[in-house]
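Each chain, written out:
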Amino acid sequence: MDKLRRVLGGQEENEESGLTQILDGSTLSYSTRVKWFVICFAGGVLCSILGSALLFLPGGIKLFAVFYTIGNVAALSSTCFLMGPFNQLKRMFEPTRLIATIVMLLCLVLTLCAAFWWKKNLLAIIFCILQFLAMSWYGISYIPFARDAVMKCFTTCLS
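Residues numbered from 1 in each chain as written. Predicted model: local features only at pLDDT ≥ 70, side-chain atom pairs only at ≥ 80, totals over all residues. Heavy atoms only, no water.

*Asks:* How should I be thinking about the overall build of the protein chain in this particular structure?
*Replies:* Assigned secondary structure in the protein chain consists of eight helices and zero strands. Listing each helix as α and each strand as β along the protein chain from the N terminus yields α-α-α-α-α-α-α-α. Restricting to contacts in the protein chain with at least 6 residues of sequence separation, those with at least 24 account for 58%. Roughly 10,700 Å² of accessible area belongs to the protein chain as shown, and the carbon and sulfur atoms make up 73% of that amount. (Helix = DSSP H or I, 4+ residues; strand = E, 2+ residues; numbered from the N terminus. Contact = heavy atoms within 4.5 Å. Areas by Shrake-Rupley, 256 points an atom, 1.4 Å probe, with all protein chains shown as cover.)

*Asks:* Explain helix α3 (residues 30-54) to me, please; I cannot follow it from the model alone.
*Replies:* Residue pairs spaced three or four apart in an α-helix point in one direction, given the helix's 3.6 residues per turn. Across its 25 residues, α3 extends 36 Å between first and last C-alpha, which sits within 8% of the 36 Å expected from 1.5 Å per residue. All of the buried residues in α3 are Arg33, Cys40, Gly44, Cys47, Ser48, Gly51 and Leu54. Where the residues of α3 are buried, they touch α4 (61-83). (Expected span 1.5 Å × (residues − 1). Buried < 20%, exposed > 50% of the residue type's maximum accessible area, 1.4 Å probe, protein only.)

*Asks:* Hey, could you run me through the nonpolar core in this one?
*Replies:* A general tendency of soluble globular proteins is for nonpolar side chains to be buried together. Listed in full, the ten residues of the largest apolar core are Ile61, Phe64, Ala65, Tyr68, Cys107, Ala114, Ala115, Ala124, Phe127 and Cys128. When contributions to this core are tallied by element, the ones reaching two or more residues are α4, α6 (98-117) and α7 (121-140). At four residues, α4 tops the list of elements feeding residues into this core. Among residues more than four places away in sequence, those in contact with Ala124 are Ile61, Thr111, Ala114 and Ala115. Counting eight residues, the second-largest nonpolar core is a separate cluster that includes Leu76, Met92, Met135 and Tyr138. (Core = buried A, V, L, I, M, F, W, Y, C linked by side-chain atoms within 4.5 Å.)

*Asks:* How should the packing of α7 against helix α8 (residues 146-158) be read in this particular structure?
*Replies:* When two helices pack together, their arrangement is given by the angle between the helix axes and by the axis-to-axis distance. One way to put it is that α7 packs onto α8 with a least axis distance of 8 Å and a crossing angle of 130°. Judged by the angle between their axes, α7 and α8 are oblique. Residues Trp137, Tyr138 and Ile140 of α7 form the contact with α8, whose participating residues are Ala146, Arg147, Val150 and Met151. Tallied by class, the residues present in the contact of α7 with α8 amount to six nonpolar, no polar and one charged. (Axes fitted to C-alpha atoms, helices over the stretch in contact; angles between N-to-C directions. Parallel < 35°, antiparallel > 145°, perpendicular 65-115°, else oblique. Nonpolar A, V, L, I, M, F, W, Y, C, P; charged D, E, K, R; others polar.)

So, in structure tokens, the structure goes:
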């Protein structure tokens, strides 16, 4: 009844919709967000390690590709708990991270394509390596001047 009175009285509601609250991620307490970040990130790392171990089984390239890709997706998704999915997507596609994000997402898809549809084991491993490099480059983009330091080390080692 109070809700009807507020609407009829011209008082606006400041409540957000349930979907907005869920997608925002800020409705969770800080400790809950950190716990789920750790759980999701640890699960992603565990999947990646498990995938790497399965690589040495006969025919394990498909399991390796699946588990390694799921691990990277879980690790990437874990940050959604800290900053919310909308902020995560907004930051992923900022100009400083755009190329790393596109390469990373493309390699995730191409790894599975190489393992399942094209049946090219070496290509799947190459795409997994590119996944790792793109995830690393994407990750260090959040650290100020880290990319510059890595590039300086790389050029120093090459010369």
